[in-house]
Amino acid sequence: MTSGTVTVLAAASLTDVIDVLAERFEDANADVDVVASYGGSSALAEQIVSGAPVDVFFSANEATMQSVVDAGLAADPEVLVTNTLQIAVPAGNPAGITGLADFARPELTIALCDTAVPCGAAAQSLLDLAGVQAQPDTLEEDVRAALTKVSLGEADAALVYVTDVVAAGSAVEGIDVPEAQQVINNYPVALLAEAPNPDAGQAFIDYLRSDEARQVFEHAGFAAP
Amino acid sequence: MTFELTVSARIPRPAFDVVVELKADPGSVLAVVGPNGAGKSSAIAAIAGFTESHGTIRLGDKDLAGLPADQRRIGVMFQDLLLFPHLTVRENVAFSAKVRGGRWSAARRSADPWLSRFGMADLAERYPSALSGGQAQRVALARALASEPKALLLDEPLAALDVEFRDEVRADLGLRLRQFAGPTILVTHDREDVEVLADEVIVLEAGRITQRGSLADLARNPATAWIARFTGAQGRRDADDVRYG
Amino acid sequence: MQASRPRERRQPVILALGVIGLALLVLPLLGLILRAPWGQLGELFVRQEVLQALGLSLLTATLSTGLSLILGIPLAVLLSHSVHWKVLPRRLLRAAITIPLVLPPVVGGIALLLLLGRRGILGQWLTQVGITIPFTTGAVVLAQTFVAMPFLVFAVEGALRSADRRSELAAASLGASPWQIFRLVTVPLTAPGIAAGAVLCFARALGEFGATITFAGSFPGVTRTLPIASYLAMNSDPDTAIALALVLLAVSLGVLLALRDRWLPGTA
């Protein structure tokens, strides 16, 4: 029997999907209330390590999850979904971007995430793989900030996740990068050791594994591991 | 250069019009007296160009009515003097030379003759906050005269002084005004000021001139009850002295 | 000789609440100081990214304070004259100057992009003549000015209101033109307020984050100021982030303490 409140901390890129899934889970379990909070994975991990009463942590990055495991606050995280990078360009692709090679053109305005945040680290690996010396004009603090520059037309291109391009709707177009399949970002989830409501937390994680949840993830651009 | 004007200005609160028509000859002092709230200071502000007014203001053959305050060349001394607190005595006196153009260094030197004529050479580097009332009064007059005005407006120039110094400063002011060649308009509520400083008086009551002439004319033939009280003040004060002295 | 004055009557409730208020302001900073990696601080401070961000922050905050002085003092004069206006335009002016104070800075950054960005209302014309503002140091200065100038305007306006404006009439009677009155009388008379406003403005510009990262982006040496560098470092290297925050804190404190005694009203 599951009841009470499930507190979930999830990476910002999961905002839209978790909102949908939490609502469906609540519909199916009338006694459960899911409270989800979103942010950069590192900041969320910091909150957990500082003692925030949380049941489920859903990270955008395995290293961040590992820091929580190392602190003895989670065991056996499981990678539920993956995300890959895509080139985002403003609607209509005014600069005529065709691939990663364009990121080396100094006359274009290029936005990347800073390597300190996961999307930036992934973008750097991808550019290295493709052998491109990128000429960025800004190194953004998170993926949504980079995307905003593209959707407002201020940047000609950015490297962001497929899911972000899907979420941005018609203001942004995505261009696939072949090498992106080699730089896959894993999203691990874990029940926390000091969860106030472990039963309901586990039930929510089980629901995230279901076929129904899988469809919601895929619709948003996430892939199965 | 005769000062000849007809001005009307609106006083906002309580709302009424002040209408002043007067003529002041070169080298003479015309006193404007009247009860509180009669519009004396408003008339001064209108003549100086600080507030909007209607009418003509002729100084010699020049009509000043349409000019902004800074182009009227009328020196003003305010009741509370309004020395610039951030400038020294020397710089206060030199201010008009400074705004006529040039550097502070040249303007400061041009203040020297005024400082020595007013006996303030040793006060030159003080700030106004370090002056006595009488000293500040002299600086304000020197500052106004140093701007080489064609006419002078003095708004209650002695009112801020302690009574014990007032006679001395008044005598000094009288001497200096006699050396000024242009017309002077003096607003005051003190009969003593009129007696010592003025050649002629006009009385302003509720925005209108009720009488004009010499102080003796007014005393002989007061047109209103207020004028009778004002010109008889000397007698009453003597009576008070007897009673309380 | 010993000076004495009547002892103030203690107000325990006011004292207690005041102390709690102070604690709320100071204790978080104490936390920052206690958690600082003091052992490595010397080494962190000389790292290139720290020095670069510090230099850029000092440069841009100085420039935006200068721009705020040039534009903000006349705006404060206008605002102080607005007491004679009709009610609606007067309130609109005050509201327009207040908005950047209450707007989330990120929204301010978006607004600046929509005006001055490549596709912005003015920006598209600027782009045609070869001027692109976003992602430049100039954009940082504009974003900081947008957010910080209201502090200066309100400080100067307060000083103008308490100064005796009739000194300006005295200056006019001595032949000073409106511009000379402004320069020789109004500005010096309100100098303490201007100095106080400039300090607040500088401190706010130094801490500016949201409008800057949105409008100007974040690139080392060009647009990455101390607060942005500190926030970014929080993701990967909290020790560096704390070191950067300490630099920010030290610079702000230094500026506030150095200028306070010399300039601000109410201090000797």
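Above this text sits the structure in question.
Not measured: the values here are computed from a predicted model.

Q: Mind showing me how you'd approach the sheet that holds strand 6 (residues 110-113) of chain A here?
A: To summarise the sheet geometry, strands pair through backbone hydrogen bonds and adopt either a parallel or an antiparallel arrangement. Residue and element names in this part refer to chain A. Read across the open sheet, the five strands follow the order 7-6-8-5-9; overall the sheet is mixed. The strands lining the two open edges of the sheet, one partner per strand, are strand 7 (138-140) and strand 9 (172-175). The sheet shows a mean angle of 35° between the axes of neighbouring strands, taken without regard to direction. Judged from the two bridges that link them, strand 6 and strand 8 (residues 157-161) form a sheet pairing that is parallel. Looking at strand 8, one finds that Ala 111 is bridged to Ala 158. Strands strand 5 (85-90), strand 6 and strand 8 of the sheet are contacted by helix 4 (residues 118-130), whose axis makes an angle of about 110° with strand 8. Relative to the sheet, helix 5 (residues 143-151) contacts strand 5, strand 6, strand 7, strand 8 and strand 9, its axis offset from that of strand 8 by approximately 140°.

Q: I keep staring at unusual backbone geometry and nothing clicks. Help me out?
A: Residue and element names in this part refer to chain B. In this structure, Arg 73 takes a positive phi of about 60° despite not being glycine. As for its position among the elements, Arg 73 is in the loop between strand 5 (62-63) and strand 6 (74-77). With relative accessibility at 36%, the residue Arg 73 sits in the partly exposed group.

Q: What is the right way to read the interface of chain B and chain C from this model?
A: Put simply, an interface is often sized by how much accessible area is lost when its parts join up. The interface of chain B with chain C comprises 19 residues on the first partner and 18 residues on the second. Taken over both partners, the interface formed by chain B and chain C buries close to 1,700 Å², and the fraction arising from carbon and sulfur atoms is 69%. The interface formed by chain B and chain C contains one salt bridge. Of the charged contacts in the structure, one is a salt bridge between B:Asp80 and C:Arg166, with a shortest N-O distance of 2.2 Å. If you look at where chain B meets chain C, you find three residue pairs in polar contact (both at pLDDT 80 or more). Mapped by element, the contributors of at least two residues to the side of chain B that touches chain C are strand 6, helix 2 (89-99) and helix 5 (133-146) of chain B. By residue number, the principal contributor to the side of chain B that touches chain C is helix 2 of chain B, which donates four residues. Here the side of chain B that touches chain C is composed, by residue class, of twelve nonpolar, three polar and four charged.

Q: Even after reading the chapter, I still don't get the nonpolar core, so can you show me in this structure?
A: Taken as a class, soluble globular proteins show a tendency for nonpolar side chains to be buried jointly. Formed by 68 residues in total, the largest nonpolar core has its most connected members in A:Leu14, A:Phe58, A:Ile87, A:Phe103, A:Leu159 and A:Phe217. Each of two domains, domain 1 (4-82 + 186-219) and domain 2 (85-182) of chain A, supplies a minimum of three residues to this core. Aside from chain neighbours lying at most four places away, what touches A:Phe58 is A:Leu9, A:Ala10, A:Ala11, A:Leu14, A:Ile18, A:Leu80, A:Val81, A:Tyr187, A:Pro188, A:Val189, A:Leu208 and A:Phe217. Residues B:Ala142, B:Leu186, B:Leu197 and B:Ala198 belong to the second largest nonpolar core, which totals 46 residues.

Q: Quick question: what am I supposed to make of the packing of aromatic side chains here?
A: What characterises a pair of aromatic rings is the spacing of the ring centres plus the angle enclosed by the ring planes. Residue and element names in this part refer to chain B. With the rule as written, the count across this model stands at eleven aromatic pairs over all chains. Ring geometry for Phe 84 and Phe 95: centres 4.6 Å apart, planes at 45°, overall tilted. Placement of Phe 84 in the loop between strand 6 and helix 2 and of Phe 95 in helix 2 is noted, with a sequence separation of eleven residues between them. Assessed through its relative accessible area of 0%, Phe 84 is described here as buried.

Q: Looking at this structure, I do not really get the packing of helix 2 of chain B against helix 5 of chain B. What am I missing?
A: When two helices pack together, their arrangement is given by the angle between the helix axes and by the axis-to-axis distance. All names here are of chain B. Where helix 2 contacts helix 5, the axes come no closer than 7 Å and their chain directions differ by 25°. The orientation of helix 2 relative to helix 5 falls into the category roughly parallel. Here helix 2 and helix 5 pass one another in a crossing that is right-handed. From helix 2, Val 89, Asn 92, Val 93 and Ser 96 reach across to helix 5, where they touch Val 139, Ala 142, Arg 143 and Ala 146. The residue inventory of the contact of helix 2 with helix 5, partitioned by class, reads five nonpolar, two polar and one charged.

Q: Quick question: what am I supposed to make of the environment of B:Arg90 here?
A: All names here are of chain B. Checked against the element boundaries, Arg 90 lands in helix 2. For the pair Arg 90 and Arg 108, spaced 18 residues apart in sequence, the C-alpha separation works out to 6.4 Å. If sequence neighbours within four positions are ignored, Arg 90 has contacts with Arg 108, Ala 111, Asp 112, Leu 115, Ala 124 and Glu 125. Among the polar contacts listed, one links the side chain of Arg 90 to the side chain of Glu 125, at a separation of 2.9 Å.

Q: What exactly am I supposed to notice about the sheet that holds strand 10 (residues 185-191) of chain A here?
A: All names here are of chain A. Judged by pairing direction, the sheet is mixed, and its five strands sit side by side in the order 2-1-3-10-4 without closing on themselves. At either end of the open sheet lies a strand with only one pairing partner, and these are strand 2 (32-39) and strand 4 (78-83). In this sheet, adjacent strand axes meet at a mean angle of 20° when their direction is disregarded. Relative to strand 2, strand 1 (residues 4-11) runs parallel, the two being bridged by eight bridges. Residue pairing for strand 2: Leu 9 is matched across the bridge by Ser 37.

Definitions and limits used
Numbering of residues starts from 1 in each chain and follows the order in which that chain's sequence is written. Each chain takes a letter, starting from A, and each ligand takes a number, starting from 1, following the order in which they are written. Two thresholds apply to this predicted model, a pLDDT of at least 70 for residue-level local features and 80 or more for giving and counting side-chain atom pairs, whereas whole-chain, interface and lining totals are computed over all residues. Side-chain numbers here rest on the full set of heavy atoms in the structure, without hydrogens or water. Strands are labelled as partners when DSSP assigns at least two bridges between them. Strands here mean DSSP runs of E at least two residues long; helices mean DSSP runs of H or I at least four residues long; both are numbered from the N terminus. Lines fitted to the C-alpha atoms define the axes, with helices restricted to the stretch that makes contact. Angles between their N-to-C directions range from 0 to 180 degrees. By definition, residues are in contact when any of their heavy atoms lie within 4.5 Å. Accessible area is worked out with a 1.4 Å probe on protein chains only. A residue is then buried under 20% of its type maximum, exposed over 50%, and partly exposed in between. Take the accessible area each of two parts loses on contact, using a 1.4 Å probe, and add the two losses: that sum is the buried area. One speaks of a salt bridge when a side-chain nitrogen belonging to Lys or Arg is within 4 Å of a carboxyl oxygen belonging to Asp or Glu. Here a polar contact is recorded for every N or O atom pair within 3.5 Å, except that within protein the pair must consist of a potential hydrogen donor and a potential acceptor, and residues adjacent in sequence are included only if both atoms are side-chain atoms. For this scheme, ten residues count as nonpolar: Ala, Val, Leu, Ile, Met, Phe, Trp, Tyr, Cys and Pro. Four count as charged, namely Asp, Glu, Lys and Arg, and the remainder, Gly too, count as polar. The nonpolar core is taken to be a set of buried Ala, Val, Leu, Ile, Met, Phe, Trp, Tyr and Cys residues, with the residues joined through side-chain atoms within 4.5 Å. An automatic or database domain assignment supplies the residue ranges for each domain. The criterion for an aromatic pair is that two Phe, Tyr or Trp rings (for Trp, the six-membered ring) have centres within 6.5 Å, with stacked assigned to planes under 30 degrees apart, edge-to-face to planes over 60 apart and tilted to the rest. Here the word oblique covers every angle except those under 35 degrees (roughly parallel), over 145 (roughly antiparallel) and from 65 to 115 (roughly perpendicular). Crossings are classed by handedness, with left-handed meaning an anticlockwise turn of the near helix from the far one by less than a right angle and right-handed meaning a clockwise turn.

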